[in-house]
Amino acid sequence: MVTTGLGSSLAYLLSRAERSVNRGLAAALTAEDVSVEQWRILRALADDCGHSMGDLAETVLMPHPTLTKAIDRLIDRAFVYRGHDPADRRRVAVFLADRGAELLNRVEGAIAEHHRVIEAAYGAERTEQLMSELERLVRALNEVPVERPSERPPGRLAERDGTAVPALRS
């Protein structure tokens with residue numbers, strides 16, 4: 001099957017899939033008045049390790065200023081708090097508060113149901129394969145050096161460990 005237009009763009013298809021998945025996830029979180037982004041922050045903090053804002057921004061895929069606003073809102077609701085980093089008391093880390101852990105427990109069933117809906121629509125095995133393939137894609141792309149086209153002569157492919165890597169198609 002040959003697709004043209006936006007349907008031929010991997011970036012577009014991934015964005016469309018993300019929007020579809022997040023639409024259902026947002027509906028599952030509505031009862032607790034929590035956004036998908038806030039839920040991701042709470043889930044990331046559920047490891048009880050405390051995270052710096054920089055590490056957390058990378059983990060939850062948010063720009064630092066946006067994360068700061070989201071953290072401030074979660075602090076206002078007593079779901080998270082700032083404290084000293086256990087590894088380096090000079091640094092500040094963000095931690096999950098008891099109320100945040102309680103909230104995660106309350107939405108766990110709705111999140112699991114959302115995942116079951118996806119599996120019912122797409123198939124449990126295909127969903128698991130898709131998740132594995134997306135993890136592999138992320139790992140592979142993280143290994144590819146980022147090179148602006150203006151830094152590369154026309155027609156030359158990017159290189160990784162001396163091996164030509166085809167230009168990424170978005």
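Before any of the text, the structure's been laid out above.
Residues numbered from 1 in each chain as written. Predicted model: local features only at pLDDT ≥ 70, side-chain atom pairs only at ≥ 80, totals over all residues. Heavy atoms only, no water.

Trainee: What exactly am I supposed to notice about the side chain of Thr127 here?
Mentor: Among the structural elements, Thr127 can be located in helix α6 (residues 124–143). Sequence-distant contacts of Thr127, defined by excluding residues within four places in its chain, comprise His115, Ile118, Glu119 and Tyr122. (Helix = DSSP H or I, 4+ residues; strand = E, 2+ residues; numbered from the N terminus. Contact = heavy atoms within 4.5 Å.)

Trainee: Would you explain the packing of aromatic side chains in this entry?
Mentor: In this description, an aromatic ring pair is defined by two values, namely the gap between the centres and the angle between the planes. As enumerated under the stated definition, the model contains one aromatic pair in all. Both rings, one in Tyr81 and one in Phe95, keep their centres 5.4 Å apart while their planes meet at 20°; by these two values the pair is stacked. In this pair, Tyr81 sits in strand β1 (residues 80–85) while Phe95 sits in strand β2 (residues 88–96), placing the two residues 14 residues apart along the sequence. The exposure class assigned to Tyr81 is partly exposed, which follows from its relative accessible area of 42%. Sitting over the ring of Tyr122, Arg126 keeps its end group 4.0 Å from the ring centre. (Phe/Tyr/Trp six-rings, centres within 6.5 Å; stacked < 30°, edge-to-face > 60°. Buried < 20%, exposed > 50% of the residue type's maximum accessible area, 1.4 Å probe, protein only. Lys NZ or Arg CZ within 6 Å of the ring centre and 35° of its normal.)

Trainee: Before we go on, may I ask you to explain the pairing of β2 in this structure?
Mentor: For a regular strand, the rule is simple: side chains alternate between the two faces of the sheet. Where β1 and β2 come together, six bridges link them in antiparallel fashion. Paired with Gly83 across the strands is Ala93, a residue of β2. Once β1 ends, the chain turns through two residues before running back antiparallel as β2. (Pairing = 2+ DSSP bridges.)

Trainee: Would you take a moment to explain the pattern of salt bridges for this structure?
Mentor: Two side chains with opposite charge may pair up if their charged atoms get near one another. Applying the stated criterion across every chain yields a total of five salt bridges. Between Arg82 and Asp72 there is a salt bridge, with its nearest N and O atoms 2.8 Å apart. Within this pair, whereas Arg82 is found in strand β1, its partner Asp72 is found in helix α4 (residues 64–76), the two being separated by 10 residues in sequence. When its relative accessible area of 32% is taken as the criterion, Asp72 is described as partly exposed. Here Arg116 and Glu113 are joined by a salt bridge, their closest N and O atoms 3.0 Å apart. Of this pair, Arg116 and Glu113 both sit in helix α5 (residues 98–122), three residues apart, which is roughly one turn of the helix. (Salt bridge = Lys/Arg side-chain N within 4 Å of Asp/Glu carboxyl O.)

Trainee: What should I look at first to understand a nonpolar patch on the surface in this one?
Mentor: The grouping of Leu10, Leu14, Tyr122, Leu130 and Leu134 at the surface amounts to a nonpolar patch, some 390 Å² of accessible area in total. Mapped by element, the contributors of at least two residues to the nonpolar patch are α1 (10–29) and α6. Turning to its location among the elements, Leu134 is positioned in helix α6. By relative accessible area, which is 34% here, Leu134 ends up partly exposed. (Patch = residues over 30% accessible without salt bridge, like charges linked within 9 Å, V, L, I, M, F, W, Y side chains within 5 Å. Areas by Shrake-Rupley, 256 points an atom, 1.4 Å probe, with all protein chains shown as cover.)

Trainee: Which parts of the structure should I look at to understand the environment of Val60?
Mentor: When you line up the elements, Val60 lands in helix α3 (residues 53–60). For the pair Val60 and Ala44, spaced 16 residues apart in sequence, the C-alpha separation works out to 7.2 Å. Excluding its chain neighbours within four sequence positions, the residues that come into contact with Val60 are Arg40, Ile41, Ala44 and Leu67.

Purely spatial values, then, with no claim about function.
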